[in-house]
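# An overview of the molecular structure
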Amino acid sequence: MASTSARTSTRVLAWLLFGIGQALLLLSVWLFATRFTGPHRGPTVSWVEALAIDSALLLLFALQHSGMARGDFKAWLRGRLPVLLERPVYVVASGIALCGLMHFWVHPPGVLFDARGTPALSWGLRGLAALAGIFTLRALLETGAGDLTGLTDAQTGIAEQDRPLRPLRTTGTYAVV
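Just so it is clear, the model here is predicted, and its values are computed rather than measured. (Residues numbered from 1 in each chain as written. Predicted model: local features only at pLDDT ≥ 70, side-chain atom pairs only at ≥ 80, totals over all residues. Heavy atoms only, no water.)

The subject of this paragraph is the overall build of the protein. Looking only at helices and strands, one finds 8 helices and 0 strands in the protein. Secondary structure elements of the protein, listed N to C terminal, follow the sequence α-α-α-α-α-α-α-α. Put simply, 82% of the contacts in the protein that link residues at least 6 apart link residues at least 24 apart. When the accessible surface of the protein is totalled, it reaches about 11900 Å², and 71% of it is carbon and sulfur. (Helix = DSSP H or I, 4+ residues; strand = E, 2+ residues; numbered from the N terminus. Contact = heavy atoms within 4.5 Å. Areas by Shrake-Rupley, 256 points an atom, 1.4 Å probe, with all protein chains shown as cover.)

What follows covers the nonpolar core. The biggest cluster of nonpolar side chains holds 7 residues, and these are Leu25, Val29, Leu57, Val92, Cys99, Leu101 and Met102. Breaking this core down by element, the ones donating at least two residues are α1 (2-37) and α4 (86-104). Setting aside anything within four residues of it in sequence, one finds leucine 101 in contact with Leu57, Leu58 and Phe61. (Core = buried A, V, L, I, M, F, W, Y, C linked by side-chain atoms within 4.5 Å. Buried < 20%, exposed > 50% of the residue type's maximum accessible area, 1.4 Å probe, protein only.)

Taking 1.5 Å per residue, 25 residues should reach 36 Å; helix α5 (residues 119-143) reaches 36 Å between its end C-alpha atoms and fits that length. All buried positions along α5 are accounted for by Ser122, Ala139 and Thr143. Once α5 finishes, glycine 144 follows within two positions and takes phi at roughly 100°, a positive value. (Expected span 1.5 Å × (residues − 1).)

Let us now look at the packing of aromatic side chains. Summed over all chains, the structure comprises 1 aromatic pair. Over the aromatic face of tryptophan 123 sits the side chain of arginine 126, whose NZ or CZ is 4.8 Å from the ring centroid. (Phe/Tyr/Trp six-rings, centres within 6.5 Å; stacked < 30°, edge-to-face > 60°. Lys NZ or Arg CZ within 6 Å of the ring centre and 35° of its normal.)

A cluster of nonpolar side chains, Trp47, Leu112, Phe113, Leu121, Leu125 and Leu128, forms an exposed patch at the surface whose accessible area comes to about 670 Å². Among the elements that make up the nonpolar patch, the one with the highest residue count is α5 (3 residues). Topologically, tryptophan 47 is positioned in helix α2 (residues 47-67). (Patch = residues over 30% accessible without salt bridge, like charges linked within 9 Å, V, L, I, M, F, W, Y side chains within 5 Å. Salt bridge = Lys/Arg side-chain N within 4 Å of Asp/Glu carboxyl O.)

Here we come to the side chain of serine 94. By the element assignment, serine 94 lies in helix α4. Polar side-chain contacts of serine 94 include one of 3.3 Å to the side chain of glutamine 64. (Polar contact = N/O pair within 3.5 Å; in protein donor to acceptor, adjacent residues only side chain to side chain.)

Time to look at the confidence of the model for the protein. The pLDDT averaged across the protein works out to 77; a share of 69% of its residues lies at or above 70. Within the protein, the lowest mean pLDDT, 63, falls on helix α7 (residues 151-159), and the highest, 92, falls on α2. (pLDDT = per-residue confidence, 0-100.)

Quick look at the environment of leucine 58 now. Checked against the element boundaries, leucine 58 lands in helix α2. Remark: the alpha-carbon pair of leucine 58 and methionine 102, spanning 44 residues in sequence, is separated by 9.9 Å. Ignoring any residue separated from it by four or fewer positions in sequence, one finds leucine 58 in contact with Leu101 and Trp105.

The description of two helices packed together rests on the angle between their axes and the distance between the axes. One way to put it is that α2 packs onto α4 with a least axis distance of 10 Å and a crossing angle of 180°. In terms of orientation, α2 lies roughly antiparallel with respect to α4. Seen from α2, the contacting residues are Ile53, Leu57, Leu58, Phe61, Gln64 and His65; seen from α4, they are Tyr90, Ala93, Ser94, Ala97, Leu98, Leu101 and Phe104. The residue inventory of the contact of α2 with α4, partitioned by class, reads 10 nonpolar, 3 polar and no charged. (Axes fitted to C-alpha atoms, helices over the stretch in contact; angles between N-to-C directions. Parallel < 35°, antiparallel > 145°, perpendicular 65-115°, else oblique. Nonpolar A, V, L, I, M, F, W, Y, C, P; charged D, E, K, R; others polar.)

Attention now goes to α4. Along its 19 residues, α4 runs 27 Å from first to last C-alpha, staying within 8% of the 27 Å computed at 1.5 Å per residue. Turning to α4, its buried residues number three or more, namely Glu86, Arg87, Pro88, Val89, Val92, Ser94, Gly95, Cys99, Leu101 and Met102.

Among the structural elements, glutamine 64 can be located in helix α2. A relative accessible area of 17% means that glutamine 64 is categorised as buried. For glutamine 64, the contacting residues outside a window of four places in its chain are Tyr90, Ala93, Ser94 and Ala97.

Written as structure tokens, this is what we have:
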């Protein structure tokens, strides 16, 4: 009985830690994004340096993001963690990689373009950004934040010891994202 109790305690602790970690990571990504999209403060580098550094950052993010989604990596991870923590670990690692990308991103000198002088272009870009936000929010709501982050599986796994991981639903709007 103590063994089952210890496993349940471990699962509860893991779920709480990942839940808190994901909430803090979401806040961090949001704070970084506001800094990332706002007025640039800090040193700038040449266009060539910016292109090289930012391309390397994007490559590292892509390698982490798609590398962890590969079957071989998932099999390796399952040998080290409970299967129900697979998706939360992926989400946390992706959030950390995204924060790193935004933190180390460099800006070239000058302004690439400025739409403030053209009201139609300025409002068109704002509208496009709003549509992208609505589209992303709809995909999140259709899929469910708990399912997308893996917290639903982890929470359910606290009660059900060896339940298999549910596949992520990629239908509706999320299938396009």
